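Chain by chain, the residues run as shown.
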Amino acid sequence: MQSIFEDINFRENELMSGHTTFRIGGPAKYFFAPKTAEEIVKVIDICRAHNIRYMIVGNGSNMLFSDKGFDGAIIQIFSNFNQIDEYDDGIYANAGALLSKIAAVARDNSMTGMEFAAGIPGTLGGAVVMNAGAYGGEMKDIIEYVDILEADGKIKRYSCADMGFGYRKSIVTGDRIVLGAKLKLKDGNQEAIQARMDELKEARTSKQPLELPSAGSTFKRPEGYFAGKLIDDSGLRGYKCGGAMVSEKHCGFVVNYNNATCEDVLELIKQVQDVVEEKYGVRLEPEVKIIL
């Protein structure tokens, strides 16, 4: 197989449990961590030429992988593709840069606007794809433009207006891949920025089960409701399936409290959906990306 991938470094049978915040997932047949956009294109071209299934991942903060693994190539845009550059009017970062690190760079350069994202446990690429948001802010509020690798291998720059941002969605679907984005930020006071980041960190720590592995909010917010409240009102706080549990701290989170399997989580999600639908007529939709 090394001859197919030529001089590109990769690992075989890499456990995805080590690359997701859920700490769940079997072995990926091939695992790549490209350093450049050119390497990303090269790996994808080889995969397509040899009919090898492939998937792009960031730091795995919103993903649930099967315990059986992934019969193909995982292309991790995170550890080796995460440069952050500051400018007078904002920041440009590669898709693999963590939101927390970008927020820290913004703070250190007295740029405000990124505070809401400081505690979101994901990469810029993933945040752009799903228009991630928290505490009243969304990525669409600070995006100036996004560089996307198109299915034909060409790189195209999209303005924020052309990104089709909505609730947890954008135009980045199918074979499109986010390579980087320019964030438009404003001049601010470093102490005030830090104070806001501390305030939001305290809010997260007090309300979210950060002490246990999870994929963040398990369900999307249904229109007119809050998923966590529906689950709590359905009497499901602390409900368990195997090693998976509805968090006792925040019912919108399914947590891996005792070596949960993918099947444990999927069964728990289904049971929560069924009970909530029976009681309130609302079918909760998973926000976590499930890869089987």
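Residues numbered from 1 in each chain as written. Predicted model: local features only at pLDDT ≥ 70, side-chain atom pairs only at ≥ 80, totals over all residues. Heavy atoms only, no water.

(A) Just the packing of aromatic side chains, in detail. Applying the stated criterion across every chain yields a total of four aromatic pairs. The interplanar angle of 80 degrees and the centroid separation of 5.9 Å between the aromatic rings of Phe10 and Tyr30 together place this pair among those described as edge-to-face. Placement of the pair is Phe10 in the segment before β1 (11–15) and Tyr30 in strand β2 (residues 27–32), with a sequence separation of 20 residues. Assigned by exposure class, Phe10 and Tyr30 land together as buried. Where Phe10 meets Phe32, the ring centres are 5.5 Å apart and the plane angle is 35 degrees; that geometry is what we call tilted. Residue Phe10 is located in the segment before β1, and its partner Phe32 is located in strand β2; the two are separated by 22 residues in the primary sequence. Of the two residues examined, Phe10 and Phe32, each falls in the buried class. (Phe/Tyr/Trp six-rings, centres within 6.5 Å; stacked < 30°, edge-to-face > 60°. Helix = DSSP H or I, 4+ residues; strand = E, 2+ residues; numbered from the N terminus. Buried < 20%, exposed > 50% of the residue type's maximum accessible area, 1.4 Å probe, protein only.)

(B) Quick look at the sheet that holds strand β6 (residues 84–87). Reading across from one edge, β6-β7-β13-β11-β12 is the order of the five strands in this open sheet, with antiparallel pairing throughout. Only two strands of the sheet have a single neighbouring strand rather than two, namely β6 and β12 (155–159). For this sheet, the mean inter-axis angle between neighbouring strands, taken without regard to orientation, is 15 degrees. Bridge count for strand β11 (residues 143–149) against β12 is five bridges, and the pairing is antiparallel. Following the sheet pairing, Val146 is matched in β12 by Tyr158. (Pairing = 2+ DSSP bridges. Axes fitted to C-alpha atoms, helices over the stretch in contact; angles between N-to-C directions.)

(C) Geometry of the sheet that holds strand β17 (residues 254–256). Pairing is antiparallel in the open sheet, where three strands are placed in the order β15-β16-β17. In this open sheet, the two edge strands, each paired with only one partner strand, are β15 (240–241) and β17. Where strand β16 (residues 244–246) and β17 come together, three bridges link them in antiparallel fashion. In the strand pairing of β17, Ala244 is matched with Asn256. Contacts from helix α6 (residues 262–280) reach β15, β16 and β17, with the element oriented near 30 degrees to β16. (Contact = heavy atoms within 4.5 Å.)

(D) Structural view of the pattern of salt bridges. All told, the structure shown has 20 salt bridges when counted by the stated rule. Its salt-bridge partner being Lys29, residue Asp71 comes within 4.0 Å of it at the nearest N-O pair. Here Lys29 lies in strand β2 and Asp71 lies in strand β5 (residues 70–76), a separation of 42 residues in the sequence. Given a relative accessible area of 38%, Lys29 falls into the partly exposed group. (Salt bridge = Lys/Arg side-chain N within 4 Å of Asp/Glu carboxyl O.)

(E) Quick peek at the nonpolar core. Among the nonpolar cores identified, the biggest contains 58 residues, and Met114 and Met139 are the most heavily contacted of them. In terms of residue count, helix α1 (residues 37–49) provides more of this core than any other element does, six residues in total. In this structure, Met139 is in contact with Leu99, Phe116, Leu124, Ala127, Asn131, Ala132 and Leu183, ignoring residues within four places of it in sequence. Core analysis: the second largest hydrophobic core is formed by 25 residues, Phe22, Leu266, Val272 and Val288 among them. (Core = buried A, V, L, I, M, F, W, Y, C linked by side-chain atoms within 4.5 Å.)

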